[in-house]
Amino acid sequence: MSTNRRRDPMTKTLGLIGAGNIGSALARLAVAAGLNVVLSNSRAPETLAELVAELGEQARAATPAEAAQAGDLVVATIPLSSYDKLPAAAMAGKTVIDTMNYYPDRIGHIAELDAGGLTSSTLVQQHLADSRVVKAFNSIDFVRLFTSARPTDADDRSALPIAGDDTAAKAQVAELLDSLGYDTVDIGTLADSWRSEPGTPVYVQPYLPAQPEGLTDEEKWRWFFEASVVPVPAATVRELTDTAVRRSAGDARATLARE
Ligand SMILES: NC(=O)c1ccc[n+]([C@@H]2O[C@H](COP(=O)([O-])OP(=O)(O)OC[C@H]3O[C@@H](n4cnc5c(N)ncnc54)[C@H](OP(=O)(O)O)[C@@H]3O)[C@@H](O)[C@H]2O)c1
């Protein structure tokens, strides 16, 4: 009997709450990896018809609660300002990936986070009290999220940080990242997840080449879409997250990284 047969994957169906930049990039990667995806947004399933048609037979659209229930693993990828609208009952018992970042200038202030101390993922976990929240995919921009993905053992494969309080949930998320094209660096608990939040050294920039000087706003936007990828191996992610320094909420969130 073969000893290196792949085990049955823990995640066969990915439920997505949010189907914007990050949600659709993850759906594309998941379908390419052979997973089924159930997509949802704030409006109605039929508003996702075009994306579902592009993704093909492995994809369907549903309400957020239905997507949560259908998923072996659920991704919450909506603006953080709406975290308390995530359907907690439907997500109970599930591993939930939290991709969300706190950008008060764009989404408005959240008093619990401005007070300092609490990470945004801890706040999300408080709302999803019966789920196992793992922060992931928050520290790479949506274009590189898609274009940096590589098969296992590729020389130019990148790693992404993950953080969570539940070891088994982190193992499930690491397995998903592997199948989608990424190595994983476990940076600790949800309380430690500030190490990959906006404004930290691992956040977005390492995966991008240097932006040429003197570009107009329009040229910067085009550059963002067309820029190549910079592979960021696990050792670099480890070093960048280990050496991160926690700053005040205002400083930490004053990143110029495009998201
Ligand atoms: N963009 C990036 O490069 C990037 C990188 C890392 C992390 N993130 C984080 O990932 C999250 C998603 O970012 P994004 O750029 O993908 O956002 P986006 O393009 O604006 O998409 C947001 C999605 O969330 C849906 N949504 C909003 N409120 C909802 C609700 N209450 N229930 C269900 N769905 C809801 C929206 O649906 P409708 O269209 O129907 O309103 C839309 O599909 C954000 O928290 C962001 O901070 C983004």
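All figures in this text were calculated on a predicted structure; none of them were measured in a lab.

### Quick look at the overall build of the protein
Next, step 1: A count of helices and strands for the protein gives 12 helices and eight strands.
Next, step 2: Taking 2.2 N^0.38 as the reference for a compact globule, 259 residues should give roughly 18 Å; the C-alpha atoms of the protein span a radius of gyration of 18 Å, in line with that estimate.
Next, step 3: Along the first, second and third principal axes, the C-alpha atoms of the protein reach 50 × 40 × 40 Å.
Next, step 4: Counting across all 259 residues of the protein, residues that qualify as buried make up 49%.
Next, step 5: Looking at the protein as shown, the accessible area adds up to about 12200 Å², and 50% of this sits on carbon and sulfur atoms.
Next, step 6: Within the protein, one finds 24 positive and 34 negative side-chain charges whose respective centroids are separated by 2 Å.

### Some remarks on unusual backbone geometry
Next, step 1: Phi at D153 takes a positive value of approximately 75 degrees, unusual for a residue other than glycine.
Next, step 2: Examined against the element boundaries, D153 turns out to sit in the loop between α8 (142-147) and β7 (159-164).
Next, step 3: Judged by its relative accessible area of 70%, D153 falls in the exposed class.
Next, step 4: Here V204, not a glycine, exhibits a phi torsion of approximately 65 degrees, which is positive.
Next, step 5: Among the secondary structure elements, V204 is positioned in the loop between β8 (183-186) and α10 (217-226).
Next, step 6: Classification of V204 as buried rests on a relative accessible area of 2%.

### What about the nonpolar core?
Next, step 1: In terms of nonpolar packing, the biggest core is built from 53 residues, with V37, L39, F137 and L145 touching the most fellow members.
Next, step 2: Core analysis: the next-biggest nonpolar cluster, separate from the first, contains 20 residues, A68, L86, L123 and L128 among them.

### What to know about the confidence of the model for the protein
Next, step 1: The predicted model of the protein has a mean per-residue pLDDT of 94, with 93% of residues at 70 or higher.
Next, step 2: Note on residues 254-259: pLDDT under 50 across the span, and 18 contacts to partners over four residues away in sequence or across chains.

### With respect to helix α9 (residues 167-180)
Next, step 1: Its 14 residues give α9 an end-to-end C-alpha distance of 20 Å, which sits within 8% of 20 Å, the value for a rise of 1.5 Å per residue.
Next, step 2: All of the buried residues along α9 are A169, K170, Q172, V173, L176, L177 and L180. Projected onto a plane normal to the axis of α9, the buried residues spread over an arc of 160 degrees and lie on a single side. Seen from the open side of α9, the exposed residues pointing more than 90 degrees away from its buried face are T167 and A168.
Next, step 3: Between the side-chain oxygen at the start of α9 and the backbone nitrogen of A168 there is a gap of 3.0 Å, and the oxygen is on D166.
Next, step 4: Immediately beyond the C-terminal end of α9, within one or two residues, lies G181, with a positive phi of roughly 125 degrees.

### Describing helix α1 (residues 21-32)
Next, step 1: In a regular helix each residue adds 1.5 Å, so 12 residues correspond to 16 Å; α1 covers 17 Å between its end C-alpha atoms and thus fits that length.
Next, step 2: Of all the 12 residues making up α1, nine are buried; the element is thus mostly covered by neighbouring parts of the structure.
Next, step 3: I22, G23, S24, A25, L26, A27, L29, A30 and V31 are the residues of α1 that are buried.
Next, step 4: Looking at the buried side of α1, the elements it contacts are β1 (13-17), β2 (36-40), α2 (49-55), β4 (73-76), α8 and α9.

### Side note on the sheet that holds β7
Next, step 1: Taken in spatial order, the eight strands make up an open sheet running β3-β2-β1-β4-β5-β6-β7-β8, and their pairing is mixed. At either margin of the open sheet sits one strand with a lone partner, and together these are β3 (59-61) and β8. This sheet shows a mean twist of 25 degrees between the axes of neighbouring strands, independent of strand direction.
Next, step 2: With two bridges connecting them, strand β6 (residues 132-135) and β7 associate as antiparallel partners. Looking across to β7, one finds that K135 is bridged to A163.

Criteria and thresholds
Residues numbered from 1 in each chain as written. Predicted model: local features only at pLDDT ≥ 70, side-chain atom pairs only at ≥ 80, totals over all residues. Heavy atoms only, no water. Helix = DSSP H or I, 4+ residues; strand = E, 2+ residues; numbered from the N terminus. Rg over C-alpha atoms; globule rule 2.2 N^0.38 Å. Buried < 20%, exposed > 50% of the residue type's maximum accessible area, 1.4 Å probe, protein only. Areas by Shrake-Rupley, 256 points an atom, 1.4 Å probe, with all protein chains shown as cover. Lys, Arg positive; Asp, Glu negative; His and termini not counted. Charge placed at Lys NZ, Arg CZ, Asp CG, Glu CD. Core = buried A, V, L, I, M, F, W, Y, C linked by side-chain atoms within 4.5 Å. pLDDT = per-residue confidence, 0-100. Contact = heavy atoms within 4.5 Å. Expected span 1.5 Å × (residues − 1). Arc of directions from axis to C-beta. Polar contact = N/O pair within 3.5 Å; in protein donor to acceptor, adjacent residues only side chain to side chain. Pairing = 2+ DSSP bridges. Axes fitted to C-alpha atoms, helices over the stretch in contact; angles between N-to-C directions.

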